[in-house]
Amino acid sequence: MNDHVYKTTKADIIRNGAFLPVEVRKELLKGEIELPTFKNEYGVVLFVDISGFTKLGQKYRELYDEKEATDRLSRDIMQILETLTRICLEWGGDVAKFAGDALICLWKVEPEDYETGLRYARRAAYDMMIAVASSDGDLDLHGGIGYGSMLHFYLGSEDMRWYLVSGVASVDAAARLDESEKGMILYPKTKGWDEDAGSMESLNLSDEMSAYTVDFPLDRNDRAITTSSDCSDENIFAQHKPPQQMKLSDWADRMSLDDIRSYIPQKVTKKLEGGAIDAGEIHSGVCTMFVALDYLMLAQTELYSNRVATEKLQDLNEVFLTLTKLVHLYNGEVRDLLFDDKGCVFIAVFGAHNSEEMTQLKAVQAGMDISRGFSRSRIGISVGDSFVGMCGTAERHDFIVMGHDVNLAARFMGNAKPGEIIVSPTIRNTTNSYLQYQEHRFVKKGVEFECFKLKTENLHAKSVPFMSYADMNPVFHGTRFIGRIDEEYALKNAKDQGKNVLVFGREGVGKSSFLRHIGSELSEQEGLKVYHAEAFALEESSTYYVARQVVESILNAETGIDCRNVQKRRRIRDPALMKLKEL
C-alpha cells in the first residue's frame, strides 16, 4: 500500500513541481520557509517578450476556418514558449516567470564573476532570437539583460504562497526591454570591457553598484543582440553549455506535494488533481484584470542595499493575500504578482478556468473592491479571445493566459491614474446597465485606444444594483427556452400551492436562464408581476441587499422612477421614495 502511494505521489510531484522555478524547489528542499521573507543574492536577468501573435492569428483566420485557425495559433504559441524555455534551461538559466508572452530568466552568480552569467544569458538570448526568427515571419522577439543584486520574495500563508523576484538585475533588464526594438535584445557594456584589447575582466561589485542608476538612459554603452550577431565571439557568448541542473525526477522523493501545490493557483491545482491539465487552446470571453501597485515598488535605497524594510515586506504580503481572496470571492483566479517593466503588478483572470455567467461584471466588481481597499491602485480590465493552457517543458512549465485583450488590460492599467478603473468597450457595453462610465481615449506608441473609465460614484457604493426582471427581459426577446420540462412543472406547481422554491446546481448549468424563462412565462401567460434580484458573495455584508432590489424593482415598475439613478435618496422628498419607506 505504501509503495502504491509513493509511486502516485512521485508522479504528482514531478507534474506539479515543474510549475515551480528551480530557486523555489531548492528552498523547499532546505525545509520550512518562513513567510513572508526575502533572500538577497546576485545574478543576471534576461527579460524577453514575444510580439506578433495577434497578427499571426489574423493571418490564420484569413487562410483557414475558425477551428483550424485557432488550433494552428495554439500550437504555435505552445511550441515557441516550449522552445524558449528549453533554451533558457540548456544554458543554465531558471525561468522565474512566464509573464504571458514574456519570460523572465535568471542566472545566479557570485559577485566577483558576473561575466560567466552574462555570457550564458547572452547566448540564450541569441538562440532565442534565432528560434523565433525561424518559427514564423509574423513573430518578433525583443528584450533586455541586466546584472546586479537580486531579491527573492516568498509571500503568502501556509496554504497559499507566492514567489517573485526583483532587484537591480531585474529592474535593469526591464528597463532595457522597454527601450529595445523588435528583433533586438539589449545588454550592458560592462565596466570590465576593454574594447581595444577585446578582453573581459571580472567586475568589481562595489564599482558596479556605484555606477548603477535605475532610470538609466539608453546610450552607447548598451549593445544589441540580433539574429546577425556573431555567436562565435567567446568574449561575449558562451560556447559550451553548463552542466544540467538536477532533474525533477531526482528531486521528487525529497519534496512535499502539499508544499509544491501551495505555490500553484487553486483553480490550476484542481485541474492537476484530476491527473492532467488542459492543453493550450483559444478561449472566448476570458476577462483579464491588471492592478498597478506603484507604492510597493522598491526604492533605490532598497535596490542598492539589496535589503527590504520589514514594513514593506509585510505590506507586500498583505496585498497579495487580500487581493487573492477578493478575486476568489468573484470566482476569479490569480495569474501573477510580479515586478516587471510596468512596476509591481497584480494580474487576475476570470473565466479562464471554467465557464460561468456574468464574468465581466464580476471582474469589474472585484476591481471596485480592490480600488476601495487600495485607493492608490490603478486598474485596467479587458475581455476577449485568449490563449489558455499549459506551456513550457516537462522540467519547467506554467498555466498561461495571453492574447490581445490581455495586453489591452495592461495598456489600460498603464494609462489609469491612482484610484481609476479603465475598461474595454466590450466590458462597458456588457455592464453599463449596472454601472456608469465615461468615455476615454489615449494614444500610446502612435496608436489610439478607445476605452471607458468607471465613474467614481460607483466606487463609493457598497454594492452594485442589478436590473429588475423587466429590464432583463429584452435580452431574451425572440429566443426560445428548451428543456427543463420536469423542473418547470415542479416550480409552477409549487407556485400554485404558495410554496417557496430553492433552485440549486453547479455553475454554468443554466439556473439563471431557467428562472428568467419561468418569469417570462408567468408574466406573459398569467399576467403576474415578476420581480428579480441577484447577489454575489460580497453582498452578504450589505444590509437587505436582495430585498432592496425587489422593492426598487416594484417602484421602477409602478412609478416609472429608476431608483438606481436617484442620488442622495435620504435628502429627497419624493412620493415614490416615501412609499418605499412605508414598505
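Structure: above.
No experiment lies behind these values; they were computed from the predicted model shown.

An account of the overall build of the chain is requested, with residue identities and associated values reported.
When its secondary structure is counted, the chain shows 21 helices and 17 strands. Residue burial in the chain is summarised as follows: out of 583 residues, 52% are buried. Long-range pairs, those at least 24 residues apart, make up 74% of the contacts in the chain with a sequence separation of at least 6. If you sum the accessible surface of the chain, you get close to 28,100 Å²; carbon and sulfur atoms cover 48% of it.

I'd like a description of the packing of aromatic side chains, backed by residues and values.
Two aromatic rings are characterised by how far apart their centres lie and by the angle between their planes. One pass over the full model with this rule turns up 10 aromatic pairs. Between W91 and Y120, the aromatic rings sit 6.4 Å apart at their centres with planes inclined by 40 degrees, giving tilted as the arrangement. Here Y120 lies in helix α5 (residues 114–135) and W91 lies in the loop between α4 (66–90) and β2 (94–99), a separation of 29 residues in the sequence. Here W91 and Y120 have matching classes, each one buried. Taken together, a centroid distance of 5.9 Å and an interplanar angle of 45 degrees make the contact between F153 and F339 tilted. You can see F153 sitting in strand β4 (residues 140–157) and its partner F339 sitting in strand β11 (residues 333–340), a full 186 residues away along the chain. Both residues of the pair, F153 and F339, belong to the buried class. Joined through ring pairs, the aromatic side chains of F38, F153 and F339 make up one cluster. Over the ring of Y64 we find R72, and its NZ or CZ is 4.1 Å from the ring centre. Above the ring of F452, the side-chain terminus of R428 is found at 5.1 Å from the ring centroid.

Describe a positive patch on the surface, naming the residues involved and giving the relevant values.
Together, K182, R411, K444 and K445 give the surface a local cluster of positive charge. Within the secondary structure, K445 sits in the loop between β16 (437–444) and β17 (447–454).

Explain helix α18 (residues 485–496) to me, and be specific about the residues and the numbers.
Taking 1.5 Å per residue, 12 residues should reach 16 Å; α18 reaches 17 Å between its end C-alpha atoms and fits that length. The complete set of buried residues in α18 reads E488, L491, K492 and A494. The buried residues of α18 occupy an angular sector of 155 degrees when projected down its axis, which confines them to one face. In this structure, α18 carries I485, D486, Y489 and D496 as exposed residues pointing more than 90 degrees from its buried face.

Help me get a handle on the nonpolar core, residues and values and all.
Among the nonpolar cores identified, the biggest contains 51 residues, and F153, M289 and I381 are the most heavily contacted of them. Looking at this core element by element, the count peaks at eight residues for helix α12 (residues 310–329). Discounting residues that sit within four places of it in the chain, M289 has contacts with V327, F346, I347, A348, F350, A363, A366, G367, I370, I379, G380 and I381. Core analysis: the second largest hydrophobic core is formed by 47 residues, W107, L118, L141 and M402 among them.

An account of the pattern of salt bridges is needed here, citing residue identities and associated values.
With the rule as written, the count across this model stands at 26 salt bridges. Across the salt bridge formed by K108 and E23, the nearest N and O atoms sit 3.4 Å from each other. Of the two residues, K108 is situated in strand β3 (residues 102–108) and E23 in helix α2 (residues 22–30); the sequence distance between them amounts to 85 residues. Of the charged contacts in the structure, one is a salt bridge between E115 and R122, with a shortest N-O distance of 2.3 Å. Of the two residues examined, E115 and R122, each falls in the buried class.

Break down the side chain of R335 for me, citing the residues and quoting the values.
You can see R335 is positioned in strand β11. For R335, which is buried and forms no salt bridge, the nearest opposite charge comes from D398, at a distance of 4.0 Å. When residues no more than four places from it in sequence are discounted, the contact partners of R335 are F98, G100, W162, I347, A348, V349, D398, F399, I400 and V401.

An account of helix α6 (residues 168–179) is requested, with residue identities and associated values reported.
The end-to-end C-alpha distance of α6, which contains 12 residues, comes to 17 Å, matching closely the 16 Å that a straight helix rising 1.5 Å per residue would cover. In terms of burial, α6 is largely enclosed, as nine of its 12 residues are buried.

I'd love a proper account of empty space enclosed by the protein, names of residues and values included.
For the structure on display, the rule yields four cavities of 30 Å³ or more. In this structure, the largest cavity encloses a volume near 270 Å³. Considering the residues around the largest cavity, the lining is formed by 22 residues, among which F19, W162, Y263, P265 and D398 are closest to the centre. Of all the secondary-structure elements, those providing two or more residues to the lining of the largest cavity are β2, β5 (160–166), β11 and β14 (397–402). It is β11 that contributes the most residues to the lining of the largest cavity, four residues altogether. Residues of the lining of the largest cavity, tallied by class, amount to 15 nonpolar, one polar and six charged. For the second largest cavity, the calculated volume is near 80 Å³. Counting only elements with at least two residues in the lining of the second largest cavity, the list comes to β5, α12 and β11. Tallied by class, residues from the lining of the second largest cavity come to seven nonpolar, four polar and two charged.

Conventions we followed
Residues numbered from 1 in each chain as written. Predicted model: local features only at pLDDT ≥ 70, side-chain atom pairs only at ≥ 80, totals over all residues. Heavy atoms only, no water. Helix = DSSP H or I, 4+ residues; strand = E, 2+ residues; numbered from the N terminus. Buried < 20%, exposed > 50% of the residue type's maximum accessible area, 1.4 Å probe, protein only. Contact = heavy atoms within 4.5 Å. Areas by Shrake-Rupley, 256 points an atom, 1.4 Å probe, with all protein chains shown as cover. Phe/Tyr/Trp six-rings, centres within 6.5 Å; stacked < 30°, edge-to-face > 60°. Lys NZ or Arg CZ within 6 Å of the ring centre and 35° of its normal. Patch = residues over 30% accessible without salt bridge, like charges linked within 9 Å, V, L, I, M, F, W, Y side chains within 5 Å. Salt bridge = Lys/Arg side-chain N within 4 Å of Asp/Glu carboxyl O. Lys, Arg positive; Asp, Glu negative; His and termini not counted. Charge placed at Lys NZ, Arg CZ, Asp CG, Glu CD. Expected span 1.5 Å × (residues − 1). Arc of directions from axis to C-beta. Core = buried A, V, L, I, M, F, W, Y, C linked by side-chain atoms within 4.5 Å. 1 Å grid on protein atoms, 1.4 Å probe; cavity = no way out; pocket = protein on both sides within 12 Å on 5 of 7 lines; lining within 4 Å. Points joined across faces, edges and corners; volume = space filled by probe spheres on them. Nonpolar A, V, L, I, M, F, W, Y, C, P; charged D, E, K, R; others polar.

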